[in-house]
Amino acid sequence: MSIKEKLKKILVEELNLEDMTPEEIVDDAPLFGDGLGLDSLDAVELVVLVQKHFGVEIKDMDEGRPALQSVNSLAAFIEAKSAT
Amino acid sequence: MKPAAIQGVGVVGAFGCGVASLHESLRRGPHPPGRLIFSAEGRGSSMAAYLADPTPLERFVSKRETRRVDHFSRLALLGACLALEDAGALEGPRDDLGLIIASGYGATRTTFGFLDSVIAAGDPCASPTLFSNSVHNAAAAHVAIQLRITGPTLTVSQFGMSVASALARALAWLAEGRVSRVLFGAVDELCPVLGYCHQRFFGDPSGPIAPFALHRHSAVPGEGAAFLLLDGSGSSRYGLIAGADLGRIPVRGQLPGNGSYILNAAGHPSCSSHYSRLLPTGAGVAAFTPHYGSFPTGQALDLAVAALALRDGQLPPGIWGEALPNGWQPATLEQGAVTCVTCDGDGYFGTIRLERG
């Protein structure tokens, strides 16, 4: 399973997005606001989930803001951090 | 204290949800309990339990809006919605509405789930959502947010005395004019850890609960919620709550011998044995715990049964299991009043008196 596929599965199952499936999440759709409709509480949960499932820490807002834009950006962040 | 009028009743339990389901269960007799599944000491296990399904909540709130609401708070939210609907108050402003919720255990599934997440992944990876839902007042927060209740909000936890204690506070809020209406509710949930504990302490419940076998263990654990919309209008199709009090035994004879009582006797001898010391010979008694099981705030469902009885002018058929002890008689509504009574294992008791409105 690719990082993107795993991320989508985590988003749906761990954030309880019962009204959509992982396949319905578009790679470059915004995670927050008009995209998936996540909010600031989800952002906190997502930071923990990324650390738990990928062993990658999002240390602060400077790292988190660009990383948490979309599945694409988050997958790229995880790949980059995992490579270092 | 001025009585509070019951304008709406919302219930959820093993019998289903809504007053019609409770009424039907009372008329036909209780369903057999379901099974609580859990893992203990490395192997799967299950036990009899009265489980409640909050799925009908989707009728009131979208899945997206409740995705962070756990089972415990869903039970509460469903009970609250049903009470408002029953009162015809699902719409309209709620700035004059106070919210008081009683719970004996709190959100046990989430609390133990949070602890599991700490054990499994360490505290840096513990779920913030699980933590925020694990606090006792999470249900009140979810109900207030979803129903846009902007009045005062309170959660009361005093184990078996939670219902009487919380209701006393609701009556005080109405009496002092703090709010013109109170949405009062009580909720408790079952979880695998509680099931495991019950099995360890008491063995497998065989059911059914025998409420009046006061010295024999017959408890079957349950879960559910009961909510009442209260105001100070003085009239109601469900009757009035005239008082809610707490006390401690020994006070034999304190309660009137010619009264009618609904006991929250649920098959725990350590609690049930105290009823003999509290209620005099000749008292009229009934118990309905076999419809919803044993849990700390089960008295709130007794309260709902009492409200239905006052509406209908008669108590539902009693469940005796065996002959009534202590010279007690089957309760009636001849005097137009009934008192819900609960006792805990330490000899504390809570009474709630209801009268025709």
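Trainee: When you look at the overall build of chain B in this model, what are you seeing that I'm missing?
Mentor: Each helix and strand in chain B was counted, giving ten helices and 14 strands. Relative to a compact globule of 357 residues, whose C-alpha radius of gyration would be 21 Å, chain B shows 19 Å and is just as compact. Relative to its 357 residues, chain B shows a buried fraction of 57%. In chain B, once contacts between residues fewer than 6 apart in sequence are set aside, the share between residues at least 24 apart is 79%. With an accessible surface of roughly 13,700 Å², chain B has 52% of that area assigned to carbon and sulfur atoms.

Trainee: Quick question: what am I supposed to make of the nonpolar core here?
Mentor: It is characteristic of soluble globular proteins that their nonpolar side chains tend to be buried jointly. All names here are of chain B. The biggest cluster of nonpolar side chains holds 51 residues, and the ones touching the most others in it are F184, L230, I352 and L354. It is helix α10 (residues 299-312) that provides the largest number of residues to this core, a total of ten residues. If we ignore the near neighbours within four places in the chain, the residues touching F184 are I100, V163, A166, L167, A226, F227, L228, L230 and L303. Residues F72, L75, A76 and A144 belong to the second largest nonpolar core, which totals 30 residues.

Trainee: For this particular structure, what's the right way to read the interface of chain A and chain B?
Mentor: By a frequent convention, interface size equals the accessible area lost on bringing the separate parts together. Taken together, the 17 residues of chain A in the interface contact twelve residues of chain B. Taken together, both faces of the contact between chain A and chain B bury some 1,200 Å²; the carbon and sulfur share is 42%. Contact with chain B buries surface across chain A, with E18(A), E45(A) and V48(A) losing the most and accounting together for 37% of the total. At the junction of chain A with chain B, the criterion picks out five salt bridges. The closest approach of N and O atoms between D19(A) and R64(B), which form a salt bridge, is 3.3 Å. Looking at the side of chain A that touches chain B, its residues break down into eight nonpolar, three polar and six charged.

Trainee: How should the pattern of salt bridges be read in this particular structure?
Mentor: Any two side chains of opposite charge can pair, given that their charged atoms come close. Residue and element names in this part refer to chain A. Under the counting rule described, the total for this entry stands at 19 salt bridges over all chains. For D27, the salt bridge is made with K8, and the minimal N-O distance between the two is 2.5 Å. Of this pair, D27 sits in the loop between α1 (3-14) and α2 (40-54) while K8 is found in helix α1, placing the two residues 19 residues apart along the sequence. On the accessibility criterion, D27 (26% relative accessible area) is partly exposed. Classification of K8 as buried rests on a relative accessible area of 13%.

Trainee: When you look at the pairing of strand β14 (residues 348-355) of chain B in this model, what are you seeing that I'm missing?
Mentor: Consecutive residues of a regular strand have side chains that alternate between opposite faces of the sheet. All names here are of chain B. Across eight bridges, strand β9 (residues 240-248) lies against β14 in antiparallel orientation. In the strand pairing of β14, I241 is matched with L354. Across seven bridges, the pairing between strand β13 (residues 337-343) and β14 is antiparallel. Directly across from C340, in β14, lies its bridge partner I352.

Trainee: Just to check I follow, could you spell out unusual backbone geometry for this structure?
Mentor: Leaving glycine aside, a negative phi is the common case for residues, and trans is the common case for peptide bonds. All names here are of chain B. Residue F159 is not a glycine yet carries a positive backbone phi of 45°. Of note, F159 is situated in the loop between β6 (153-156) and α6 (162-175). For F159, a relative accessible area of 45% puts it in the partly exposed group. Of note in the backbone geometry, N326 takes a positive phi value of approximately 60° without being a glycine.

Trainee: Please clarify how the packing of aromatic side chains should be interpreted in this entry.
Mentor: Aromatic ring pairs are defined here through the distance separating the ring centres and the angle between the ring planes. Under the defined criterion, the tally for this structure stands at five aromatic pairs over all chains. For the pair Y105(B) and F159(B), a centre-to-centre distance of 5.4 Å together with 65° between the ring planes defines the contact as edge-to-face. Taken together, the positions of Y105(B) in the loop between β5 (97-102) and α3 (108-121) and F159(B) in the loop between β6 and α6 put the pair 54 residues apart, joining distant regions of the chain. Its relative accessible area of 34% is what places Y105(B) among the partly exposed residues. Here F212(B) and W328(B) contribute two aromatic rings whose centre-to-centre distance is 6.3 Å and whose plane-to-plane angle is 75°, an arrangement assigned as edge-to-face. Of the two residues, F212(B) sits in the loop between α7 (192-202) and β8 (224-231) while W328(B) sits in the loop between α10 and β12 (329-330), which places them 116 residues apart along the sequence. Cation over ring: K6(A) sits above F54(A), and NZ or CZ is 4.8 Å from the ring centre.

Cut-offs and rules
Residues numbered from 1 in each chain as written. Chains lettered and ligands numbered in written order. Predicted model: local features only at pLDDT ≥ 70, side-chain atom pairs only at ≥ 80, totals over all residues. Heavy atoms only, no water. Helix = DSSP H or I, 4+ residues; strand = E, 2+ residues; numbered from the N terminus. Rg over C-alpha atoms; globule rule 2.2 N^0.38 Å. Buried < 20%, exposed > 50% of the residue type's maximum accessible area, 1.4 Å probe, protein only. Contact = heavy atoms within 4.5 Å. Areas by Shrake-Rupley, 256 points an atom, 1.4 Å probe, with all protein chains shown as cover. Core = buried A, V, L, I, M, F, W, Y, C linked by side-chain atoms within 4.5 Å. Buried area = accessible area lost by both parts, 1.4 Å probe. Salt bridge = Lys/Arg side-chain N within 4 Å of Asp/Glu carboxyl O. Nonpolar A, V, L, I, M, F, W, Y, C, P; charged D, E, K, R; others polar. Pairing = 2+ DSSP bridges. Phe/Tyr/Trp six-rings, centres within 6.5 Å; stacked < 30°, edge-to-face > 60°. Lys NZ or Arg CZ within 6 Å of the ring centre and 35° of its normal.

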